[in-house]
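Topology and contacts: notes
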Amino acid sequence: MKRVLVACLGVAALAALAWFGWAGVTQRAVTGWLDAREAEGWVVTRQDVSVSGFPTEFVINLSDLTLADPATGLAWSAPTFTLRQAVFDPSRIEAIWPETHTLASPYERLTIRAGDLASVLDLRPGADLALQASETRMRDLVIDSTLGWQSHLADGSATVILQPGETARYAIGFRATDLTPPEQVRGRIDPAGVLPAAIPVVLTEAVVSFDRPWDLSAIEVARPQPTRIDLTEARAEWGDLMVRLSGAMEVDAEGRPTGEIAIRAQNWPAMLDMAERAGVLPAGLRSSVETGLGFLASLSGRREDLDVTLRLEAGFMFLGPLPIGEGPRLRLR
């Protein structure tokens, strides 16, 4: 019995030594990564980097952290940031954001507050830490901008899953409930306050191919860029308005998409009213656009419902046969 006890104590001591040894390696790896970014010209500040969680996990706590990338002008600051990693499953990491943090660009600074904001990441073991899957949960998320707007999300989730046999093709999903748009936006498109204060449902499901995998270099060097988007569904419902999109697009090296998106819009004349009030649709074009869309709607049966195809080609957009302007550039900053 004494030998068994001694053996158990020996194993426990070895396990403790292993934990503290790996904790030291983890702490040095995080600190080394931050030092490397600073050596590349980033602005990097942190008060402390510590590791706790003995004996079942590694909990990496960073305090008073700021990361600013001079190449993009993006800067992120947080009073705390926590990474949790189970001892027996090191490729699975939970990232927990603080209650309040900020994200700044050359154009504005966003203050982000949340009752709950955390991600679970499944990473491929290795130096590049390529993303295999992730799930982010959001609750009571409030974003305040220095440009004077605020938006609120009651509940939401986002998922990213690497497709089987692929290296840079991901299924991406986003779902939000009770999304409150900025008051300035709502005041312009719905001055009478007819619509509910919040958009009850926003949903997106797509499979996106990128020019390279999402791994550590996406932070260190540059973001991967989309090369193809297969949009299963993007849907938003707000009062008696509903828009649903689906389709596929190829994206060239300049970010110009080419493809077709099927659009179904319920109560589209009210959407035109909103677009005109918001200044998106010039008043002088309202009549011609309404006539054209009315003709297309009549072909689908109900005049209030519109089924039409948005075609993107050579940098321009066409709604059915109608040219409607220059197409977007799909580039991740």
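Each remark here, short or long, concerns the structure printed above.
What you are looking at is a predicted structure, and each value in this text was computed from that prediction instead of being measured. (Residues numbered from 1 in each chain as written. Predicted model: local features only at pLDDT ≥ 70, side-chain atom pairs only at ≥ 80, totals over all residues. Heavy atoms only, no water.)

1. A look at unusual backbone geometry
Most peptide bonds are trans, and most residues other than glycine sit at a negative phi. This is how it is decided: Segments assigned H or I by DSSP are reported as helices when at least four residues long, segments assigned E as strands when at least two residues long, and all are numbered from the N terminus. When accessible area is computed with a 1.4 Å probe and restricted to protein chains, residues below 20% of their type maximum are described as buried, those above 50% as exposed, and intermediate ones as partly exposed.
Cis geometry is found at the peptide bond from Phe54 to Pro55, where omega equals 5 degrees. Among the secondary structure elements, Pro55 is positioned in the loop between strand E2 (48-52) and strand E3 (57-69). For Leu129, which is not a glycine, the phi torsion comes out positive at approximately 50 degrees. Of note, Leu129 is situated in the loop between strand E8 (116-123) and strand E9 (131-145). You can call Leu129 partly exposed: its relative accessible area is 35%. Even without being a glycine, Asp140 presents a positive backbone phi close to 50 degrees. Considering the arrangement of structural elements, one finds Asp140 in strand E9.

2. Notes on the packing of aromatic side chains
Our working definition: Classification of ring pairs uses Phe, Tyr and Trp, with its six-membered ring standing for Trp, and accepts pairs whose centres are within 6.5 Å; under 30 degrees between planes counts as stacked, over 60 as edge-to-face, and the remaining range as tilted.
Under the criterion given, the structure shown has four aromatic pairs. On the basis of an interplanar angle of 90 degrees and a centroid distance of 5.6 Å, the ring pair of Phe210 and Trp214 is categorised as edge-to-face. You can call Phe210 buried: its relative accessible area is 11%. In this structure Trp214 comes out as partly exposed when scored by relative accessible area, which is 24%.

3. Observations regarding the side chain of Thr136
To keep things clear, this is the line we draw: Contacts are residue-level and defined by heavy atoms, with any inter-residue pair within 4.5 Å sufficient.
Considering the arrangement of structural elements, one finds Thr136 in strand E9. Setting aside anything within four residues of it in sequence, one finds Thr136 in contact with Leu117, Ala118, Ser119, Gly156, Ser157 and Ala158.

4. Structural notes on the side chain of Ser119
One can find Ser119 in strand E8. Accessibility expressed as a relative area gives 5% for Ser119, which makes it buried. Apart from residues lying up to four places away in sequence, Ser119 is in contact with Ile93, Glu94, Ala95, Trp97, Glu135 and Thr136.

5. Describing the pairing of E2
The line we're drawing: Two strands are said to pair when DSSP picks up at least two bridges between them.
Residues of E2 alternate between two faces, with Val49 and Val51 buried on one and Asp48, Ser50 and Ser52 left unburied on the opposite face. In textbook terms, the turn of a hairpin is the stretch between consecutive antiparallel strands, and for E2 and E3 this stretch comprises four residues, one of which, Gly53, has a positive phi near 105 degrees.

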